[in-house]
Amino acid sequence: AFTRLGLHEKFLRAGFMKKFGGEIVGACSETGTKFYFKDGYRSQTDHAYQVTRGDFDKVLLDHAAECGAEIREETSVDQVDFLEENVELRIKSNGSSHSIRARYIIDASGRTSVLGRQFRIKKTYDHLQKLSIFAHYDGVWRAEGIDGTLTVLIRAIDRWFWLIPLTAERTSVGVVLDSEIFRRSKLNAGEFLDQALAEQPFIAKRMTNARRVSQVYVEADFSYRSARLHGDRWLLAGDAAGFIDPIFSSGVFLAVYSGELAADALNEVLDHPHKVKRLFPQYERAVNRAMDVYLRFVNAWYTKEFIEVFLAPRSVLGLAPAVNAVLGGNVGNSFPIRWRMWVFYFLVWLQRHHPISPRLTLVPKKDEAPLSAQTAGIIS
Ligand SMILES: Cc1cc2nc3c(=O)[nH]c(=O)nc-3n(C[C@H](O)[C@H](O)[C@H](O)COP(=O)(O)OP(=O)(O)OC[C@H]3O[C@@H](n4cnc5c(N)ncnc54)[C@H](O)[C@@H]3O)c2cc1C
């Protein structure tokens, strides 16, 4: 989509760091398994981007304006009414209300999900009601070269952590866990994050010289999906369609993927309205299929067996490149990727009953005594 939109040059001009892959680490280990997008099955690119969302969204917004889109900032859509021939949006800006009409609407309002709420079609995944606590730091240790661009995920027994390089100096560091664990700790978010990071030797070592440069954020990380993604005059895209725990940084990918498909479908329907009956359901199927791919991955991620199999990659049957491709944003529409993913999930299932990879505790080893938050440099 970015190539089609002619955005790569603007991303480079904005100084976004290229991201060449990721690394997954068990909390009981000192090293993890790295994967590089270039090694993905029939990979067409060797990189994605690490971005700060505000800067990234600004590049996209300015680009849309340059391409002729009419943009209204600081304007909220409060209600959508469906009329015979068009759609009426009730909007509010600077305290005054107006309405505007359009032939169709793509709801890309994120987790607010204006239409999802209006139609009451948001269905939550009860087992994925998580909480994220995170902050930005300067001075987190990074590997040299392209390994310094990797997103690092650390899987502990009841939580997982991310280390995401944002710029040459800045790193986003966060933890995701069941909200109940945080509530029971009776700590505030800052105390909880400091303690959780200090308890992980792999992270604490990297943060010896780190300094927190943002507030500590707490975000609900509640996965859901809308039961329908289209109607006669509407489509849902991005988080408005569904939000899957973004462990594998699938959120922006799915938003861009669905945005591109929605734009293509609507472009065709504007010229040939009778095609709506075929193209909108087709859109819904494609987006649901992509979300299913990541939902399955996320469900597996929260099992210990997934990590055990993932951290002992096998160079057989091209499994590793297929898993890598899905992590890199290939939604597995092709049969060669699909069957390899089936085999991968079969191995994860097998691991539960007849271990084929070493068992992991996902608990830091005893001799790696946890550092205090102060020694680890986490408290600024
Ligand atoms: C803690 C956390 C960490 C994450 N980490 C990652 C990550 O590392 N990588 C990744 O890819 N994804 C990540 N995600 C997911 C990612 O942020 C989302 O999937 C992505 O932003 C979805 O894009 P979107 O455009 O659909 O929605 P958004 O980015 O939420 O944009 C929605 C827009 O709609 C506007 N809006 C909302 N309501 C209205 C209204 N009523 N009227 C008018 N405008 C409205 C909002 O102001 C906003 O501009 C993370 C999410 C969370 C919660």
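The shown structure was predicted, so the numbers you read here are calculated from the model rather than taken from an experiment. (Residues numbered from 1 in each chain as written. Predicted model: local features only at pLDDT ≥ 70, side-chain atom pairs only at ≥ 80, totals over all residues. Heavy atoms only, no water.)

## Some points on helix H8 (residues 250-271)
The end-to-end C-alpha distance of H8 is 32 Å, a good match for the 32 Å that 22 residues give at a rise of 1.5 Å each. Restricting attention to buried positions, one finds in H8 the residues Ser 250, Leu 254, Tyr 257, Ser 258, Ala 262, Ala 265, Leu 266 and Val 269. For H8, the angular spread of buried residues about the axis comes to 155°, placing them on one side. Turned more than 90 degrees away from the buried face of H8, the exposed residues are Asn 267 and Asp 271. (Helix = DSSP H or I, 4+ residues; strand = E, 2+ residues; numbered from the N terminus. Expected span 1.5 Å × (residues − 1). Buried < 20%, exposed > 50% of the residue type's maximum accessible area, 1.4 Å probe, protein only. Arc of directions from axis to C-beta.)

## Comments concerning the pairing of strand S6 (residues 87-93)
Most of S6 sits out of view: 5 of its 7 residues are buried. Judged from the 7 bridges that link them, strand S5 (residues 75-82) and S6 form a sheet pairing that is antiparallel. Within S6, the residue paired with Phe 82 across the bridge is Val 87. Counted between consecutive antiparallel strands, the loop separating S5 from S6 contains 4 residues. Where S6 and strand S7 (residues 96-102) come together, 7 bridges link them in antiparallel fashion. In the sheet register, Ser 93 faces S7, and the bridge partner there is Ser 96. In textbook terms, the turn of a hairpin is the stretch between consecutive antiparallel strands, and for S6 and S7 this stretch comprises 2 residues, one of which, Asn 94, has a positive phi near 50°. (Pairing = 2+ DSSP bridges.)

## Points about the domain arrangement of the chain
Domain assignment breaks the chain into domain 1 (17-50 + 128-224 + 303-380) and domain 2 (72-121 + 227-296). The C-alpha-based centres of domain 1 and domain 2 are spaced at 31 Å. Across the boundary between the two partners, domain 1 contributes 22 residues, which contact 19 residues of domain 2. In total, about 1700 Å² of surface goes out of reach between domain 1 and domain 2, with carbon and sulfur atoms giving 56% of it. Sorting the residues of domain 1 by area buried against domain 2 places Tyr 224, Val 331 and Tyr 345 first, and these three jointly supply 36% of that buried surface. The interface formed by domain 1 and domain 2 holds 1 salt bridge in total. (Domains from an automatic or database assignment. Contact = heavy atoms within 4.5 Å. Buried area = accessible area lost by both parts, 1.4 Å probe. Salt bridge = Lys/Arg side-chain N within 4 Å of Asp/Glu carboxyl O.)

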